[in-house]
Each structure stands twice: as structure tokens, then as C-alpha cells.
Amino acid sequence: MYKKHIKALENKVWLSSPTMYEDSMQYAMEAYNTNWMSTVGENINVLEKRVAELVGCKEAVALASGTSSIHLMTKLAGIKRGDKVFCTTLTFSATVNPLCYEGAEPIFIDSEYDTWNMDPKALEKAFELYPDTKYVLLVHLYGTPAKLDEILEICEKYGATLIEDAAESFGATYNGKQTGSFGTHNAISFNGNKIITGTSGGMLLTDSIKAAEKARKWSTQSRENAPWYQHEEVGYNYRMSNVIAGIARNQLDRLTTHIEEKKNIYYRYKEGLEGLPIQMNPFEEDKSNPNYWLSCLIIDKNYMARQVRSDKEYLYKQENGKSSPHEILDAIKSINAEGRPIWKPMHKQPIFMNYDFINRYGHAKAMTNAYISGGFIDERDNLPEDISMDIFSRGLCLPSDNKMTEEDQDKIIEVIRACFE
Ligand SMILES: *Cc1c(COP(=O)(O)O)cnc(C)c1O
């Protein structure tokens, strides 16, 4: 229970804000000075080449956002109206919205506790229930790679295409390989709060030169090779601006530094919070190098103070020796720092609620009402029937800005410790 009054930080610590440098505008200014203020130019060409090299794929296509990259990758994968797509449920809505643009049907797959990502057991169940499904849309939550070995094996077994939403995990590796290089087509994001940024922007990654050419054509209104504006396909205005590409190009040199800084933040939290009944967001230490984009924690079940959430509000009780995500978030906020709840699972969102949700046993038995943890416990393994909801209920994202000082972080740690007094 938080009852201390700890003095607020002088400068606000954000969850994850853009990190700019003196030379951040160098290539963008070059575009300005040479009048390449459009969706063509050297910055785009260089960015595409360098990101492809870094990720280890043949082609990278610079687009307006991560979301538009996901949209074009779903189209390139061949996803059409009525197609079922197995999709990570614990994610940002930008993963799923492009499926809706195309009229496809997402089927949401539960999480596991080792990485908080798509549970291979639940994916296997989903294929048993819907064996004709041809697509898996996989997310690497908060920069932590999913269980790719298992998931790739299942995709192979059922002849399904994997596509990766690596928007949050740019620079993270699994078995020494970059996320965003495992799927047939993949997407990353340069949104303002990601590990590096162009202010906005995203990229589609693929080994298919033909697919990359298609994406470039679609993203510039699908012009045919003709003297006039000739159109044979639906087009989009999705190409990245050369100014944004200039900012992203400069930021690319900072990727390693940002990952190093975020990693330090993660381990300082881990050390500072030692002894509390919490766990940091976990990853497979023998296989993964996350990019540590966000540091998160989850409260042990037995140390959860009561907390309820309606669709738009929350309430919690203060209890001795226990705490809850909202108590911690409020306490952090009171000292001028920003945390955030875990993504609310997609199958619990009013807009997506009619789609199917599959856990490790198949269809979840019942809907949950009030949830302190993930609702009903499945007596077969004594785990919540809905693990993604359990993580949402007990977890939170900590202030993870790479510009926060050690003193700032010590204060935040002190506040979190005080929540459990
Ligand atoms: C940020 C994000 C996106 C969308 O990227 P934008 O560049 O903001 O469009 C997609 N998926 C996930 C998981 C994200 O975190």
C-alpha cells in the first residue's frame, strides 16, 4: 500500500519518448537544402539499403508507418476477405486493424508466461480447430522475441505463412537472427516512441524482390508503367517522406546505443526491485537478445491487492504488503513519471470481441467477469484460462525512457518499493 509522499521529479520521465541529438536533422536538412522534399530521394534509398543489411533481408521498403507496412504485408502474403489469420492477442490494435481493412478474420491466440507472446501450444490447438488456416501474424511484445523455433515448426507442419509485426522489436535477435527476418514478409515501425524514430514511418521487410516492387508500386497509388496515370490495381498513399527517411537514417546509427541504454534500465529495475513479489518481463535467455524497448513488471498472484476494471475506469483497494498495477501507476504518476498498463488483449476489445479466442486447450470455456487475475483457473493445470488477461491484470509498463537519469530511476524504484509496504 502506497502511503509515503515522495517528492516529485523535476523533469518528467516519459514512458518512452524520442531521443534526439545535435546532428539528428543533418540528412533531413540536406533534403531541404537540395529540395528533395517528397517521397523520393537519397535518404529513402540509403535507409532501405541499410535496414535490409542490418536485418539480413534482401529488401526493405520505406513506408509512412508501421501500420501501413503491416497492411501491405498482409496483402503481399495473400490475405483476402474471409481468410482466417491466427494473431497474437496481447498487442497493440495496429497489429489487427489492417486485417479488418482487408475483411479478413483474426482469430486471437493466447499468450504464454515465458515471453508473454503467442503461446505455441495455443497456436497448435488453433490449427487443430481450423486446419485450413494459412496465416500466422506474430508480434514480439515490448521488444522480446516470441518462441520462434516452436512457432516456425508449427507453421511448417500446417503449411502456413508466418508474417511478423516486429514494430516493437527492431534490433532484437533470436538465435542470433534479427526479428523481422523470420516471416515471409515483416514490418517494423519508426513511430515516435519506438526504439529509434523518424517521428513516424515504418518499413516492410522481405526477401522477395518482386514483393518489394509491388509494395513500392501500391504505396505510390499503383501507377502502371505508362505515359499517363494508368491504374490496374487499388493504390495507397503509403510511401515514406524523404525528410522522415533522413531522420530515421540518422537514428539508425543510434540503434545499438539505445538498446544498450534500455538494457541498462531493465537490469537496474531488476536489481532495484529485488526481493519484491514481482517479476520483470521475461525472455528466453538462451535464445533471445531483446531490444528492451519497455521494461515491465508483473505482480505475484498472492501479492495482488484487489483491483477491478470496467471498460473505461478502474478501482483498487489499498492493502498492507500488497499492491496493484493501478496503485503503482498512480504512485509513479504522483512523482511526475509515466508508466502504462499492459496492452489490453484484442479479444477483450469491444471492436474485436466477436472474433474467436483460442488458448492452450482450445476454446476458452467461459468469459470472465471481474478479474483480479485472468478470471477462471483451469483445473487441468491450475493456470488462468486466459493468460493474456492475467498478464494485463497483474502487469504494467514502467517508465523506460533512455534519457532518464539513474537518480530518476532510483526514485521510481523507491516509489514502487513503497507500494508494497
Ligand atoms: C507501434 C506499433 C505498431 C504500429 O506502428 P505505427 O508506426 O505507429 O503505425 C504496430 N504494432 C505494434 C505492436 C506496435 O507497437
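Above this text sits the structure in question.
Just so we're clear, the structure is a prediction, and the values are computed from it rather than from any experiment.

## Section: the site of the ligand
Taken together, 16 residues lie near the ligand, and Gly 66, Thr 67, Glu 168, Ser 189 and Lys 194 sit nearest. Take Asp 165: an N or O atom from its side chain is 2.7 Å from a nitrogen atom of the ligand. At a separation of 2.5 Å, an oxygen atom of the ligand approaches a polar side-chain atom of Glu 168. When the ligand is considered free in solution it has 380 Å² of accessible area, and contact with the protein chains removes 93% of it. For the shell around the ligand, the leading source of residues is helix α3 (residues 66–77), giving three residues. Among the residues forming the shell around the ligand, the class breakdown is five nonpolar, eight polar and three charged.

## Quick look at the sheet that holds strand β7 (residues 177–178)
One open sheet accounts for three strands, arranged β7-β6-β11; its pairing is antiparallel. Of all the strands in the sheet, the pair left with one neighbour each is β7 and β11 (288–289).

## Structural notes on empty space enclosed by the protein
Evaluated as defined, the whole model comprises three cavities of 30 Å³ or more. Of the volumes computed, that of the largest cavity is approximately 50 Å³. The wall of the largest cavity is formed by Ser 16, Ser 17, Pro 18, Thr 19, Gly 192, Lys 194, Ile 195, Ile 196, Gln 251, His 258, Lys 262 and Asn 402. In terms of residue class, the lining of the largest cavity is made up of three nonpolar, seven polar and two charged.

## Some details on the pattern of salt bridges
A side chain of one charge can pair with a side chain of the opposite charge if their charged atoms are brought near each other. Scanning all chains against the criterion turns up 23 salt bridges. Lys 214 is the salt-bridge partner of Glu 233, the closest N and O atoms lying 3.3 Å from each other. One end of the pair, Glu 233, is in the loop between α7 (209–219) and α8 (242–252); the other, Lys 214, is in helix α7, and 19 residues separate them in sequence. For Glu 233, a relative accessible area of 28% gives the class partly exposed. For Asp 311, the salt bridge is made with Lys 344, and the minimal N-O distance between the two is 3.7 Å. Taken together, the positions of Asp 311 in the loop between β13 (307–309) and β14 (314–316) and Lys 344 in the loop between β15 (340–341) and β16 (357–359) put the pair 33 residues apart, joining distant regions of the chain. The class of Asp 311 is exposed, set by a relative accessible area of 56%. One network of salt bridges, in which partners are shared, links Glu 48, Glu 59, Arg 216 and Arg 239.

## Section: unusual backbone geometry
One non-glycine residue, Ser 222, adopts positive backbone phi at about 50°. In this fold, Ser 222 is placed in the loop between α7 and α8. For Ser 222, a relative accessible area of 0% translates into the label buried. At Asn 382, a residue that is not glycine, the phi angle is positive and equals roughly 60°. Summarising the element assignment, Asn 382 is placed in the loop between β18 (377–378) and β19 (383–384).

Rules used in this analysis
- Residues numbered from 1 in each chain as written.
- Predicted model: local features only at pLDDT ≥ 70, side-chain atom pairs only at ≥ 80, totals over all residues.
- Heavy atoms only, no water.
- Near = heavy atom within 4 Å.
- Polar contact = N/O pair within 3.5 Å; in protein donor to acceptor, adjacent residues only side chain to side chain.
- Areas by Shrake-Rupley, 256 points an atom, 1.4 Å probe, with all protein chains shown as cover.
- Helix = DSSP H or I, 4+ residues; strand = E, 2+ residues; numbered from the N terminus.
- Nonpolar A, V, L, I, M, F, W, Y, C, P; charged D, E, K, R; others polar.
- Pairing = 2+ DSSP bridges.
- 1 Å grid on protein atoms, 1.4 Å probe; cavity = no way out; pocket = protein on both sides within 12 Å on 5 of 7 lines; lining within 4 Å.
- Points joined across faces, edges and corners; volume = space filled by probe spheres on them.
- Salt bridge = Lys/Arg side-chain N within 4 Å of Asp/Glu carboxyl O.
- Buried < 20%, exposed > 50% of the residue type's maximum accessible area, 1.4 Å probe, protein only.

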